[in-house]
Amino acid sequence: MSDVDVEPGLPTPSDDIPPPQAPAQAPPPWWQVRLPNVLTGLLLLLMSWFVIAQGRFHGRTYDEYMQDDYGARVLKFYLSWGEDRSFLDFPDYIYMPQHGSGAEVIVAFFQHLTGEVWQTRTMVCGAMGVLGILVMALAGREMAGPWGGFAAALGLALYPRYTGQMPNNSKDIPLAGAMLLVLWLVLRLMRRWSQPDRKHEVLELAGIGAAIGFAASIRVTSLLWFGLLGLLALGFWVRHWRSLRGAALRNELSNQFSAAIVILPTAYLVMSLLWPYLLTNPGDGLKASISSMSKYDWNHDIMFAGAWVRSTDLPWDFAPRWLVVGSPLPVVLLTLAAAVAAVVALVRRQRLDGRLLLIGAYIVVPILMVIVAHATLYNGLRHFLFVVPGMLLLAATVLVRWVRQSFDSGRAVLAWALIGAAVLGQAEVVVSSARIYPYEYSYFSPLVGSYDRGHLNYESLYYGSCTRAAAVWMGENYRQFTDETNPTFRDENQWNTLAKADLPANFVDIGDGQPLFRITSGEPGAGYREIHAETLMGEKICRVSVLDPSVY
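Conventions and cut-offs
Residues numbered from 1 in each chain as written. Predicted model: local features only at pLDDT ≥ 70, side-chain atom pairs only at ≥ 80, totals over all residues. Heavy atoms only, no water. Salt bridge = Lys/Arg side-chain N within 4 Å of Asp/Glu carboxyl O. Buried < 20%, exposed > 50% of the residue type's maximum accessible area, 1.4 Å probe, protein only. Helix = DSSP H or I, 4+ residues; strand = E, 2+ residues; numbered from the N terminus. Contact = heavy atoms within 4.5 Å. Disulfide = S-S within 2.5 Å. Axes fitted to C-alpha atoms, helices over the stretch in contact; angles between N-to-C directions. Parallel < 35°, antiparallel > 145°, perpendicular 65-115°, else oblique. Left-handed = near helix turned anticlockwise from the far one by under 90°. Nonpolar A, V, L, I, M, F, W, Y, C, P; charged D, E, K, R; others polar. pLDDT = per-residue confidence, 0-100. Expected span 1.5 Å × (residues − 1). Phe/Tyr/Trp six-rings, centres within 6.5 Å; stacked < 30°, edge-to-face > 60°.

Here's the deal with the pattern of salt bridges
Thought 1: What the rule picks out here adds up to 24 salt bridges.
Thought 2: The salt bridge involving Asp-317 is made with Arg-321; its shortest N-O contact spans 3.1 Å.
Thought 3: We classify Asp-317 as buried; its relative accessible area is 15%.
Thought 4: Salt bridges sharing partners connect three or more residues here, namely Glu-142, Arg-191, Asp-353, Arg-355 and Arg-401.

Shown next, in the form of structure tokens:
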């Protein structure tokens with residue numbers, strides 16, 4: 001009983017008066033939540049259709065033959081319970097086992113299920129690219145709500161050097177998606193870190209560790225995430241070290257230590273399971289991979305900024321300049337604007353969203369590492385393509401937030417101006433990509449004259465993927481030039497195996513001697529007559545030639 005006796009059955013004042021209730025909040029208007037969600041869903045469906053209907057037209061790249069062989073051998077390792085170790089038998093100079101196998105073994109698994117190789121490979125690689133766009137939508141939603149999710153996903157879908165490689169790049173596209181997955185999970189963790197009722201904490205931390213492990217099993221570069229997490233912890237203590245004392249200090253130290261002992265072993269476990277080179281070389285496998293990948297033995301001349309430079313001795317601005325000339329103008333401008341706004345806020349000692357600082361570090365730290373390490377780079381920006389989703393996420397976040405603030409403060413004209421500028425910028429991307437389809441990965445910014453002038457000063461068609469179109473034409477038209485039942489051919493632009501996948505079964509590939517047909521990138525030379533050329537904006541990029549009758 002309480003100090004005040006109440007006769008049973010009689011109502012008390014508290015029984016008569018209901019407790020005060022917070023006023024019900026009206027649901028947000030349809031255009032704030034439902035519309036961007038529907039648009040995001042339609043975008044994902046459109047990109048799925050793009051992969052299914054258009055993926056095969058993007059051809060195959062130089063690397064795909066070896067990458068596919070590598071994935072198949074790694075799958076044999078698992079199917080034989082570790083007895084088949086043929087994935088270690090590649091020539092030493094290509095360092096194939098030191099390359100991560102995480103994405104390759106996924107492709108090989110689906111090939112094993114379908115019993116077909118190249119079309120399956122195209123579809124699985126494309127699907128991983130679409131999943132990357134889905135993760136981008138989740139990250140954008142985390143940072144700027146539903147419209148942020150749509151803007152970020154649309155930005156990645158319209159980024160030509162991402163979309164144009166989705167069907168045929170099983171390294172850099174899956175890596176970009178995996179790194180973005182880690183970024184989204186960490187951003188989500190930062191928002192939830194101080195919530196007292198946070199649930200599934202261990203699963204959340206294990207998810208981050210597994211995502212890092214998966215990314216590192218594709219390219220060991222992904223281990224830089226541990227450096228980023230270290231910077232994140234350092235930033236936390238810089239901001240909070242004065243306010244934490246006693247039990248609160250001990251609790252925070254315990255939380256961060258617990259996070260480390262969950263994330264680190266989970267990452268290494270997942271990385272090892274998807275990359276058997278670490279299982280077969282547990283002592284020095286990881287160290288050997290980091291060493292060989294940071295100073296990769298590919299010493300050739302490449303075109304950069306109008307001059308021939310050595311891939312092992314690049315100018316310091318190679319990576320940052322490529323991110324500018326290879327990216328749409330709105331992305332570059334919004335990224336730079338966000339950086340300027342952050343510097344101004346720091347100078348004025350204004351409070352910044354720590355998650356924006358993490359995204360900034362995600363962009364800047366890898367580029368600084370490339371510059372300091374003098375890394376071997378080539379093929380445009382593909383080796384640091386994973387940085388691009390960070391730029392796109394930052395650009396989408398600041399754009400949506402600035403537009404929202406402009407509307408809320410009554411500056412509708414400014415808001416619509418920002419939206420209009422972004423739409424016009426992306427319209428340029430669509431038009432430029434359509435002009436060079438299906439070689440969108442060779443997109444150049446208007447800052448360097450788009451593809452028309454950009455490809456004269458920088459690497460452009462470095463994948464050689466025009467071979468597929470040349471092979472298809474040859475298979476459909478060869479009877480105009482020969483009556484032979486089993487005509488011979490040689491693909492001198494890529495690998496015979498890749499071209500043969502698109503030729504009739506009666507074609508015979510030869511490595512030496514004089515084949516009847518040749519696929520080349522340049523002039524066929526003496527004894528051969530050019531009969532067809534694949535062109536891009538008037539320039540011949542793949543040629544089909546036939547043995548001149550006078551040679552017979």
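Alright, that's what it looks like, and here's the rest.
Structural notes on the side chain of Ser-450
Thought 1: Structurally, the position occupied by Ser-450 is in helix H18 (residues 450-457).
Thought 2: With relative accessibility at 13%, the residue Ser-450 sits in the buried group.
Thought 3: Ser-450 has contacts with Glu-428, Ser-432, Phe-444, Ser-445 and His-455, leaving out every residue within four places of it along the chain.

Points about the state of the cysteines
Thought 1: Under the criterion given, the structure shown has one disulfide.
Thought 2: Each disulfide pairs two cysteine sulfurs, and for Cys-466 the partner residue is Cys-542, the sulfurs being separated by 2.2 Å. Since a negative S-S torsion denotes a left-handed disulfide, the Cys-466-Cys-542 link at about 65 degrees is right-handed. Of this pair, Cys-466 sits in the loop between H18 and helix H19 (467-477) while Cys-542 sits in strand E7 (residues 539-547); the two residues are 76 residues apart in sequence, bridging distant segments of the chain.
Thought 3: Judged by its relative accessible area of 5%, Cys-466 falls in the buried class.
Thought 4: Taking relative accessible area as the criterion, Cys-542 reaches 0% and is therefore assigned buried.
Thought 5: For Cys-125, which is in no disulfide, the shortest distance to another cysteine sulfur is to Cys-466 and amounts to 19 Å.

Details of the packing of helix H15 (residues 354-373) against helix H16 (residues 387-408)
Thought 1: Closest axis-to-axis distance for the H15/H16 pair is 9 Å, and the angle between their directions is 150 degrees. On the basis of their axis angle, the class for H15 and H16 is roughly antiparallel. Classified by chirality, the crossing of H16 by H15 is left-handed. Here Arg-355, Leu-356, Ile-359, Tyr-362, Ile-363, Pro-366 and Ile-367 of H15 come into contact with H16, specifically with Val-387, Gly-390, Met-391, Leu-393, Leu-394, Thr-397 and Arg-401.
Thought 2: Tallied by class, the residues present in the contact of H15 with H16 amount to 10 nonpolar, two polar and two charged.

Some words on unusual backbone geometry
Thought 1: Omega for the peptide link from Tyr-437 to Pro-438 comes to 0 degrees, which places this bond in the cis form.
Thought 2: Note on placement: Pro-438 falls in the loop between helix H17 (412-436) and H18.
Thought 3: In this structure, Ala-305 is a non-glycine residue whose phi angle is positive, near 55 degrees.
Thought 4: Among the secondary structure elements, Ala-305 is positioned in the loop between strand E1 (301-304) and strand E2 (307-310).

Structural notes on H19
Thought 1: Of all 11 residues in H19, eight are buried; the element is thus mostly enclosed.
Thought 2: For H19, the complete set of buried residues consists of Thr-467, Arg-468, Ala-470, Ala-471, Trp-473, Met-474, Gly-475 and Asn-477.

Examining the confidence of the model for the protein chain
Thought 1: For the protein chain, mean pLDDT is 90; residues scoring 70 or higher make up 95% of the total.
Thought 2: Every residue in residues 1-16 scores below 50 in pLDDT, and together they form two contacts with partners more than four places removed in sequence or on other chains.

Remarks on helix H10 (residues 246-274)
Thought 1: Taking 1.5 Å per residue, 29 residues should reach 42 Å; H10 reaches 43 Å between its end C-alpha atoms and fits that length.
Thought 2: Looking at H10, one finds that the buried residues are Glu-252, Asn-255, Ala-259, Val-262, Ile-263, Ala-267, Val-270, Met-271 and Ser-272.
Thought 3: On the buried face of H10, the contacting elements are helix H3 (64-79), helix H8 (201-216), helix H9 (224-240), helix H11 (276-280) and helix H12 (285-294).

Quick look at the packing of aromatic side chains
In this description, an aromatic ring pair is defined by two values, namely the gap between the centres and the angle between the planes.
Thought 1: According to the stated counting rule, one finds 25 aromatic pairs in the structure shown.
Thought 2: Aromatic side chains Trp-225 and Tyr-362 sit 5.8 Å apart centroid to centroid with 40 degrees between the ring planes, which places their arrangement in the tilted category. Taken together, the positions of Trp-225 in helix H9 and Tyr-362 in helix H15 put the pair 137 residues apart, joining distant regions of the chain.
Thought 3: The exposure class of Trp-225 is buried, given its relative accessible area of 0%.
Thought 4: Centre to centre, the rings of Phe-489 and Phe-507 are 6.1 Å apart; their planes meet at 70 degrees, and the pair counts as edge-to-face. Of this pair, Phe-489 sits in strand E3 (residues 488-491) while Phe-507 sits in the loop between helix H20 (496-500) and strand E4 (508-509), and the two are 18 residues apart along the sequence. Residue Phe-489 shares its accessibility class with Phe-507, and that shared class is buried.

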